[in-house]
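An overview of the molecular structure
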Amino acid sequence: KKNKIECLYFLVDPSCQRTNYLAIDNQFDFVDIRVTLTINLDKNKLFVQYPNSCVFRSSKKSDIPILREIASYSHKDTRFYFDPNFPNELCDKFYEKWIERSCGDFADVVLVAILGKKIVGYISCHLDDSCVGRIGLIAVKSNMRSLGVGTGLVKSALKWFSKNGVKIVSVVTQERNIAS
């Protein structure tokens, strides 16, 4: 209260009963279960096979309007949409800004998927240190889902990480996000 903090997330180990009750006693709301997925690129062979003639390339400044549009409706499974303190419209704008910043200097690269000369998805990649990378955002246009575009984006990102000397790649998602 003294610092006028309006939003504070507290990551709790779900197996620690005491910490969970402490969070409840201090009026924290449960908003999601965070899942971190990790792959060791040294131990996994990358079989890159792209779906439906998709082409993958680094984003350009001119791609930002379509990436913002895709972002505005693609991240509904995230904690922000499940947090009652954030209106959905604000969350839409948040993800639009996030992908725009990622195309600037926030991410090391944003790869886009192109199908039939149209951008149908994106994935942002971050180099955390010389051998660790992280996927930030990934999204596919709603009418292009279940066609393998997301898988192609992930494989393209893993190939990019591998070319940049990364050994370990992680991504955070929510337990409710079954597709990921």
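Everything that follows concerns the structure shown earlier in this document.
Now for a quick tour of the structure. Small disclaimer: the values here were computed from a predicted structure and weren't measured.

With that settled, consider the sheet that holds strand 6 (residues 168–174). With mixed pairing, the six strands of this open sheet are ordered in space as 1-6-5-4-3-2. At either end of the open sheet lies a strand with only one pairing partner, and these are strand 1 (34–40) and strand 2 (55–58). This sheet shows a mean twist of 25° between the axes of neighbouring strands, independent of strand direction. Bridge count between strand 1 and strand 6: seven bridges; the pairing is antiparallel. Note that in strand 6 the partner of Asn-40 across the bridge is Ile-168. Across the face of the sheet, helix 2 (residues 64–74) comes into contact with strand 3 (109–115), strand 4 (118–129) and strand 5 (132–140) while running at roughly 85° to strand 4.

For the rest of this paragraph, the subject is the layout of surface pockets. There is about 1,100 Å³ of room inside the largest pocket. Along the walls of the largest pocket sit 39 residues, with Ile-138, Val-171, Thr-173, Asn-177 and Ser-180 positioned nearest its centre. Counting only elements with at least two residues in the lining of the largest pocket, the list comes to strand 1, helix 2, helix 3 (79–82), helix 4 (88–106), strand 5, helix 5 (149–163) and strand 6. No other element matches the seven residues that strand 5 contributes to the lining of the largest pocket. Taken together, the residues of the lining of the largest pocket break down into 19 nonpolar, 14 polar and six charged. Approximately 840 Å³ is the volume found for the second largest pocket. No other element matches the three residues that helix 1 (residues 17–25) contributes to the lining of the second largest pocket.

Calculation criteria
Residues numbered from 1 in each chain as written. Predicted model: local features only at pLDDT ≥ 70, side-chain atom pairs only at ≥ 80, totals over all residues. Heavy atoms only, no water. Pairing = 2+ DSSP bridges. Helix = DSSP H or I, 4+ residues; strand = E, 2+ residues; numbered from the N terminus. Axes fitted to C-alpha atoms, helices over the stretch in contact; angles between N-to-C directions. Contact = heavy atoms within 4.5 Å. 1 Å grid on protein atoms, 1.4 Å probe; cavity = no way out; pocket = protein on both sides within 12 Å on 5 of 7 lines; lining within 4 Å. Points joined across faces, edges and corners; volume = space filled by probe spheres on them. Nonpolar A, V, L, I, M, F, W, Y, C, P; charged D, E, K, R; others polar.

By themselves these figures say nothing about function.
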